[in-house]
Amino acid sequence: MSEKRDYYEVLGLAKSASVDEIKKAYRKAAVKHHPDKGGDETKFKEVSEAYEVLKDPAKKQRYDQFGHAGVAGGAASGGNPFEGFNFNGQNINFDFGGFNGGGFGGIEDIFDMFTGGGFSRQRARGADYQTSVTIDFEEAIFGTEKTVGVRTGDHVKIKIPAGIDDGMQIRLAGKGGEPRGDGGAPGDLYVAISVRPHKKFTREGSLILSQETISMVDAALGCELEVATVDGPVVMKVPAGTQSGTDFKLSGHGVPLIRSDGRGPQIVTIQVETPRNLTKKQKELLQEFEGKKRRGLFDFN
């Protein structure tokens, strides 16, 4: 796979570009490369991907700091992010709500219907069934096994791969309805996956996002901070002078890439807590510090 181009280069922009400049550059490039106007579809997708990141202040900040690794999405897994994949004999697909429970077995059945060979085959094939299963955030990250019920009353065990996302579905060939004629094939079972939200983490493609709060003193002086990850706590160094909203990357603590052995990173956003209900002494110390800051911190004369 070729290496991704810099998003600013794709849109012909400098890093200092404003939101309006980003929108203007995108509109110009999108019109130029739009396939309906004879443009290059690959370049149009590249332009759209760059705009989706740079128009969002949080994603833009992460991209400026970490590059493509800071905004890794479905494409980071390798291959087409909308393409299915096979896991232990089960087909994993994105589910866009287009399930047909009437017994169609796939594109080959539809093709056969238009070529004259599929009608009798369609009558003989068993119906496709659909069910759903809800899993925890960590189960989606690391994979799990679940037993699901089907319409016929028998139960089916499925293996859910590490890295599966909310809205994807698993197709188990031959686990649907019984054939309705001699020599017919059984239908398939589609299992829609729902992932429960996590109280600490959110997911963005192969990234795991989280926030940690530190005191104003720790932000000013620097500290070692114990950070929660899906792998357990990790100690992260926060350098002196860290500002609120700064992102830090923990490599290898994100979502497993389902088409490779790697994992995305975890992005930790630091929030600096402003103290409330200060004592008189604390206020005096801050006022003294502010006064020295204005005169020059090391000027005591």
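Visitor: Break down unusual backbone geometry for me, with residues and values.
Guide: One non-glycine residue with positive phi stands out, namely Asn277, at about 50 degrees. Inspection of the secondary structure puts Asn277 in the loop between strand 13 (266-273) and helix 9 (280-295).

Visitor: Please give an account of helix 2 (residues 19-33) that cites residues and values.
Guide: Look at helix 2: 21 Å from first C-alpha to last across 15 residues, which is about the 21 Å you get at 1.5 Å a residue. As for helix 2, its buried residues are in contact with helix 1 (7-11), helix 3 (41-54) and helix 4 (57-66).

Visitor: Break down the pairing of strand 11 (residues 234-238) for me, citing the residues and quoting the values.
Guide: What you see with strand 11 is a clean split: Val234, Met236 and Val238 sit on the buried side and Val235 and Lys237 on the side with no burial. From the end of strand 10 (residues 223-227) to the start of strand 11, which pair antiparallel, there are six residues, and Gly232 there has a positive phi angle of about 110 degrees.

Visitor: Can you lay out the environment of Glu52 for me, pointing to particular residues and giving the numbers?
Guide: The topology assignment puts Glu52 in helix 3. Classification of Glu52 as partly exposed rests on a relative accessible area of 40%. Along the primary structure Glu52 and Tyr26 are separated by 26 residues, whereas in three dimensions their C-alpha atoms are 9.8 Å apart.

Visitor: Describe the packing of aromatic side chains, with residues and values.
Guide: All told, the structure shown has four aromatic pairs when counted by the stated rule. Ring centres of Tyr26 and Tyr51 lie 4.0 Å apart, and the angle between their planes is 5 degrees; this geometry places the pair in the stacked category. Taken as a pair, Tyr26 in helix 2 and Tyr51 in helix 3 lie far apart in primary sequence, 25 residues in all. What makes Tyr51 buried here is its relative accessible area of 13%. Taken together, the ring pairs in this structure connect Tyr7, Tyr8 and Tyr63 into an aromatic cluster.

Visitor: Account for helix 4, with residues named and values stated.
Guide: Residues of helix 4 that are buried: Lys60, Arg62, Tyr63 and Phe66. Taken down its axis, helix 4 places every buried residue within 165 degrees of arc, on the same side. Sitting at the head of helix 4, Asp56 places a side-chain oxygen 2.9 Å from the backbone nitrogen of Ala58. Downstream of helix 4 by a residue or two, Gly67 has a phi angle that is positive, lying close to 75 degrees.

Visitor: For the nonpolar core, give the residues involved together with the corresponding values.
Guide: Core analysis: the largest hydrophobic core is formed by 19 residues, its most contacted members being Tyr7, Leu11, Leu13, Ile22, Leu54 and Tyr63. If you list the elements that add at least two residues to this core, you get helix 1, helix 2 and helix 3. The greatest single-element share of this core, amounting to six residues, is contributed by helix 3. Each residue touching Ile22, except ones within four places of it in the same chain, is listed here: Leu11, Leu13, Ala17, Tyr51, Leu54, Lys55 and Lys60. Val133, Ile160, Ile164 and Met168 belong to the second-largest nonpolar core, a separate cluster that totals 17 residues.

Visitor: Got a sec to walk through the sheet that holds strand 12 (residues 247-250)? Specific residues and values, please.
Guide: Across the sheet, which stays open at both edges, the four strands sit in the order 8-9-13-12 with mixed pairing between neighbours. With partners counted over all chains shown, the strands left at the sheet margins are strand 8 (202-204) and strand 12, one partner each. Going across the sheet, the axis of each strand differs from the next one's by a mean of 35 degrees, ignoring polarity. Pairing of strand 9 (residues 207-215) with strand 13, which is carried by eight bridges, proceeds in the parallel orientation. Residue Leu209 lies in a different strand from strand 13, and its bridge partner there is Ile267. Docked against the sheet, helix 4 engages strand 8, strand 9, strand 12 and strand 13, running at close to 60 degrees with respect to strand 12.

Visitor: Just give me the short version of the pattern of salt bridges, but keep the residues and values in it.
Guide: With the rule as written, the count across this model stands at 15 salt bridges. Each member of the salt-bridge network shares a partner with another, and the members are Arg125, Asp128, Arg171 and Asp188.

Visitor: Outline a positive patch on the surface, supporting the account with residue identities and numerical values.
Guide: Together, Lys23, Lys24, Arg27, Lys28, Lys32 and Lys43 make up a region of like positive charge exposed at the surface. Broken down by element, the residue count for the positive patch peaks at five residues, all from helix 2. By the secondary structure assignment, Lys43 is in helix 3.

Visitor: Please provide a residue-by-residue account of the packing of helix 2 against helix 3, values included.
Guide: Between helix 2 and helix 3, the shortest axis-to-axis distance is 9 Å and the interhelical angle comes to 165 degrees. In terms of orientation, helix 2 lies roughly antiparallel with respect to helix 3. As helix 2 runs across helix 3, the sense of the crossing is left-handed. Of helix 3, the residues touching helix 2 (which contributes Ile22, Lys23, Tyr26, Ala29, Ala30 and His33) are Glu41, Lys43, Phe44, Val47, Ser48, Tyr51 and Leu54.

Visitor: Can you break down the environment of Gln266 residue by residue, with the values?
Guide: Considering the arrangement of structural elements, one finds Gln266 in strand 13. For Gln266 and Val255, which are eleven residues apart along the polypeptide, the C-alpha to C-alpha distance reads 8.3 Å. Not counting the four nearest positions on each side in its chain, Gln266 is found in contact with Phe201, Ile208, Ser210, Val227, Ala228, Thr229, Val230, Phe248, Lys249, Leu250, His253 and Gly254. For Gln266, the side chain forms a polar contact with the side chain of Ser210, separated by 2.9 Å.

Reading the values: the criteria
- Residues numbered from 1 in each chain as written.
- Predicted model: local features only at pLDDT ≥ 70, side-chain atom pairs only at ≥ 80, totals over all residues.
- Heavy atoms only, no water.
- Helix = DSSP H or I, 4+ residues; strand = E, 2+ residues; numbered from the N terminus.
- Expected span 1.5 Å × (residues − 1).
- Contact = heavy atoms within 4.5 Å.
- Buried < 20%, exposed > 50% of the residue type's maximum accessible area, 1.4 Å probe, protein only.
- Pairing = 2+ DSSP bridges.
- Phe/Tyr/Trp six-rings, centres within 6.5 Å; stacked < 30°, edge-to-face > 60°.
- Arc of directions from axis to C-beta.
- Polar contact = N/O pair within 3.5 Å; in protein donor to acceptor, adjacent residues only side chain to side chain.
- Core = buried A, V, L, I, M, F, W, Y, C linked by side-chain atoms within 4.5 Å.
- Axes fitted to C-alpha atoms, helices over the stretch in contact; angles between N-to-C directions.
- Salt bridge = Lys/Arg side-chain N within 4 Å of Asp/Glu carboxyl O.
- Patch = residues over 30% accessible without salt bridge, like charges linked within 9 Å, V, L, I, M, F, W, Y side chains within 5 Å.
- Areas by Shrake-Rupley, 256 points an atom, 1.4 Å probe, with all protein chains shown as cover.
- Lys, Arg positive; Asp, Glu negative; His and termini not counted.
- Charge placed at Lys NZ, Arg CZ, Asp CG, Glu CD.
- Parallel < 35°, antiparallel > 145°, perpendicular 65-115°, else oblique.
- Left-handed = near helix turned anticlockwise from the far one by under 90°.

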